[in-house]
Structures are given as C-alpha cells and as structure tokens.
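# Residue-level structure breakdown
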Amino acid sequence: MSTPSSLAILLSGQGSTMRALVEACRDGRIPLTPALVLSDREEAPGLAWARTAGLRTATVDYRGLGRRRAEERLAALLDDASPTWIALAGFMRILGSDLVRPWLGRMVNIHPSLLPRYPGVDTYRRALAAGEREHGSTVHFVDESLDGGPRIAYVRVPVHPGDDPERLAERTKAAEQKLYPWVCDRLARGILQWSHGSVRYRDGILEEPLDATAFLDG
Ligand code: GAR
C-alpha cells in the first residue's frame, strides 16, 4: 500500500491557519494527511489544539539552543516525518538555507500582506499607517529570502474606515483560513507546482500570483 501524501505544519502562535489546514485535510478538501505539527514555543496555543486533535506534535525551543542547533533539530524532525509538503502557519522564525534548501518547492508560507508589500512583522499597522485601501494575505514558496519566495496566490481584503490593526487582522485571518486550504489542495493535486524558481499553474508559468479573492467569496 502506498503511503498517503502528508503535510507537516509549523507554527508559533494561535494556530488558526493550522486548524484550517487540518480541518480541510480531515474533511477531504485537501488530499493530504496531517503528519506533524511543529512549534518553536511549547506554550503556543496552536500546539495544545493539535494535541487535543490527536496529531503528532513536537517542539524545538530555540532558547538556549541557538538558531543553528535549533534548525538542525527541526530538520531532523522533518526528515523523520518525511512529509510530502510543509506549510508554515504563523511560524515566526526566519529559516536558514540548510533547512530550506532540501524542501525547496515543497515548503510554503502564508504571510498577512499583499506581497511584495509589507514583508516582515507588523503588517496591519504599517498598512493602516500608509493609508492602504486594501490589504490581504499571500501564499508563497519558501526560499532563503524573507517573505520573498515565488508568490503563488493572494486574497484581498478591504480596509474599512476606522479600522484598527486588530479589526483588520481579524478580517484578514478569516480570509487566510480559506486561502491556505485552497492553495494547499491545488499544490497537493499538482495543479500548482514549483518550477525552477517560478510557479507553474496548469500548463503555464504564472507571471503574477493568482488572485484567489473571487474564488474564495461565499
Ligand atoms: C497568520 O496571520 C499568518 O499569516 C502570519 O501569522 C499569523 C498566524 O496566525 N504569518 C506571518 O506573519 C509570517 N510572516 P495563527 O497562529 O492564528 O495561525
């Protein structure tokens, strides 16, 4: 019997995007089995949820280890679980090239902005301060750059008058919970693929990431 394709998910916080992925795997919207949930923080609420949900979990606490050794541990855990795909779901660490390179084309990240605008942290506050009328979230392949790997798809969310970062985050996170399963399903089925540092969608290379906003409405 062949091993089913599987997904490892890395998180640091609440885990709302991880939950959306796990639920989509479990109800058949993504043809992957959740193999492992990894965190850099033992106290991450998402990790507690994953345990309750019966998933295999592990923590690599960077404190006291240093980044290089922590990444060696992460790499060993990922090698051992040997997932088909890795999804970063609010994993708030920059990953070094030794960790990223073996998974190039099979590791994706979701970032709460319309990349390439607002890489890094604090995207909601920065977008509001700049007077943006629209914000959103982007899924991209992970490479060695910060939030800079090939962009796969994004969802746009409106900025409403009087928004504060919390309200904008809530709206964006609700959209992310649809976007990430939508993308991961298409990756798992080979409809979207890494291709020499670009993104292949069906028969062509994407010049621009897919705008999934209309697909995700409703
Ligand atoms: C998500 O909004 C995700 O886009 C963001 O962290 C949040 C995690 O929320 N990721 C990044 O900022 C990565 N640069 P969650 O813990 O509730 O899933």
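One can find the structure itself at the top, above this paragraph.
These notes cover the structure that comes with them. Position numbers for residues start from 1 in each chain and track the written sequence from start to end. Confidence filtering applies because this is a predicted model: local features only for residues at pLDDT of at least 70, side-chain atom pairs given and counted only at 80 or more, and all residues used for totals across whole chains, interfaces and linings. Hydrogens and waters are ignored; side-chain quantities use all the structure's heavy atoms.

### Observations regarding the site of the ligand
- Only heavy atoms are used to decide nearness, and a residue is near a molecule or strand if one of them lies within 4 Å of it. Close to the ligand lie 13 residues; Gly15, Ser16, Thr17, Lys173 and Glu176 are nearest.
- The backbone of Gly15 places a nitrogen or oxygen atom 2.7 Å from an oxygen atom of the ligand.
- Pairs of N or O atoms are called polar contacts if they sit within 3.5 Å, as long as, within protein, a hydrogen donor faces a hydrogen acceptor (for residues adjacent in sequence, only side-chain-to-side-chain pairs). With respect to the ligand, the backbone of Ile110 contributes an N or O atom lying 3.4 Å from an oxygen atom.
- Note on areas: Shrake-Rupley with a 1.4 Å probe; residue coverage comes only from the protein chains shown. Protein burial of the ligand: of its 450 Å² of free accessible surface, 89% is covered by the chains.
- Breaking the shell around the ligand down by element, the ones donating at least two residues are α1 (16–26), β5 (107–111) and α6 (165–188). Under the DSSP-based scheme used, a helix requires at least four consecutive residues in state H or I and a strand at least two consecutive residues in state E, with every element numbered from the N terminus.

### Here's the deal with the sheet that holds strand β6 (residues 134–141)
- Read across the open sheet, the eight strands follow the order β3-β2-β1-β4-β5-β6-β7-β11; overall the sheet is mixed. Of all strands in the sheet, those bounded by a partner on one side alone are β3 (57–59) and β11 (210–211).
- Two strands make a pair as long as DSSP finds a minimum of two bridges between them. Sheet topology note: the strand β7 (residues 151–158)/β11 ladder contains two bridges and is parallel. If you follow Ala153 over to β11, its bridge partner there is Leu210.
- Residue contacts are defined here by distance: any two heavy atoms, one from each residue, within 4.5 Å place the two residues in contact. Angles shown run from 0 to 180 degrees and are taken between the N-to-C directions of axes, each axis being a line fitted to C-alpha atoms and, for helices, limited to the stretch in contact. Taken strand by strand, helix α2 (residues 45–52) contacts β1 (6–11), β2 (33–39) and β3, and its axis lies near 150 degrees from that of β3.
- The strands that helix α3 (residues 67–81) touches are β1, β2, β3 and β4 (85–88); relative to β2, the one it contacts most, it runs at about 170 degrees.

### Topic: the packing of α1 against α2
- Where α1 contacts α2, the two axes come as close as 10 Å, and the packing angle between them is 20 degrees. Relative to α2, the element α1 is oriented roughly parallel. Between α1 and α2 lies a crossing whose hand is right-handed. Contacts between α1 and α2 involve Met18, Arg19, Val22 and Glu23 on the former and, on the latter, Gly46, Trp49 and Ala50. In what follows, roughly perpendicular refers to angles from 65 to 115 degrees, roughly parallel to angles under 35, roughly antiparallel to angles over 145, and oblique to any angle outside these ranges. Two helices cross in a left-handed way if the nearer one is turned anticlockwise from the farther one by less than a right angle. They cross in a right-handed way if the turn is clockwise.

### Focus on the packing of aromatic side chains
- Here a Phe, Tyr or Trp ring, Trp counted by its six-membered ring, pairs with any other such ring whose centre lies within 6.5 Å, and the pair is stacked when the planes are under 30 degrees apart, edge-to-face when over 60, and tilted otherwise. Under the counting rule described, the total for this entry stands at two aromatic pairs.
- Seen in terms of ring centroids, Phe141 and Trp194 are 5.4 Å apart; in terms of plane orientation they differ by 85 degrees. Their pairing is edge-to-face. Here Phe141, found in strand β6, pairs with Trp194, found in strand β8 (residues 192–195); they are 53 residues apart in sequence, far enough to count as distant.
- The buried label applies to any residue whose accessible area, calculated with a 1.4 Å probe on protein chains only, is under 20% of its type's maximum; exposed applies above 50%, and partly exposed to all values in between. For Phe141, a relative accessible area of 0% translates into the label buried.
- Here Trp182 and Phe215 contribute two aromatic rings whose centre-to-centre distance is 5.2 Å and whose plane-to-plane angle is 20 degrees, an arrangement assigned as stacked. Residue Trp182 is located in helix α6, and its partner Phe215 is located in helix α7 (residues 213–216); the two are separated by 33 residues in the primary sequence.

### Description of the pattern of salt bridges
- Salt bridge criterion: a side-chain nitrogen from Lys or Arg within 4 Å of a carboxyl oxygen from Asp or Glu. Scanning the model with the defined rule gives 19 salt bridges in all.
- Here Arg56 makes a salt bridge to Asp80, at a shortest N to O gap of 3.0 Å. With Arg56 in the loop between α2 and β3 and Asp80 in helix α3, this pair connects stretches of sequence that are 24 residues apart.
- Judged by relative accessible area, which is 40%, Arg56 ranks as partly exposed.
- In this structure, Glu72 engages Arg68 in a salt bridge whose closest nitrogen and oxygen atoms are separated by 2.8 Å.

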